[in-house]
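Given next are the chains, with one letter for each unit.
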Amino acid sequence: LLMDLAGFLCRLFMTSYKVSRYVVDEKYIGRIICVLRTPMDYIKESRHAAVNADIVKLIEREHKERGTRYFGLGNLNKMKQLNEGGTE
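These numbers were taken from a predicted model, which means no experiment stands behind them. (Residues numbered from 1 in each chain as written. Predicted model: local features only at pLDDT ≥ 70, side-chain atom pairs only at ≥ 80, totals over all residues. Heavy atoms only, no water.)

Participant: How would you explain the overall build of the protein chain if you had to name every residue and give the values?
Facilitator: Looking only at helices and strands, the protein chain has four helices and two strands in total. Each helix (α) and strand (β) of the protein chain, taken in turn from the N terminus, gives the series α-β-β-α-α-α. Considering the protein chain as a whole, with its 88 residues, one finds that 19% of them fall into the buried category. A total of about 7200 Å² of accessible surface is found on the protein chain, and carbon and sulfur atoms cover 59% of it. (Helix = DSSP H or I, 4+ residues; strand = E, 2+ residues; numbered from the N terminus. Buried < 20%, exposed > 50% of the residue type's maximum accessible area, 1.4 Å probe, protein only. Areas by Shrake-Rupley, 256 points an atom, 1.4 Å probe, with all protein chains shown as cover.)

Below is the structure:
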């Protein structure tokens, strides 16, 4: 309950945050953008639709504001592998 309250209060001021940028194949610049959600939002199946809606809105906003055309969903380890050319 406390985590839900903290997540709600944070989402009053922002819906996502940007962490860093990375280079892909020495050609493209990627940016890590995270939706602001609590772990319970991913655990409870009833909240999945809201999380998905936030992701779609984020993609639409980034495309409209910055012309971003390519998006990927994943975790930081996958993005690190992508940045290093896929080698582990």
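Now that the structure has been shown, we can carry on.
Participant: Requested: an account of the pairing of strand S2 (residues 28–35), with residues and values cited.
Facilitator: Strand direction decides the pairing type here: strand S1 (residues 16–24) and S2, joined by seven bridges, are antiparallel. Paired with Tyr17 across the bridge in S2 is Cys34. Where S1 hands over to S2, the hairpin turn is made up of three residues, of which Asp25 adopts a positive phi near 55°. (Pairing = 2+ DSSP bridges.)

Participant: Go over the pattern of salt bridges with me, naming the residues and quoting the values.
Facilitator: Throughout the structure, instances matching the rule amount to five salt bridges. The residue Arg37 makes a salt bridge to Asp41 at a minimum N-O spacing of 3.4 Å. Accessibility expressed as a relative area gives 2% for Asp41, which makes it buried. Arg66 serves as the salt-bridge partner of Glu65, at 3.2 Å between the closest nitrogen and oxygen. (Salt bridge = Lys/Arg side-chain N within 4 Å of Asp/Glu carboxyl O.)

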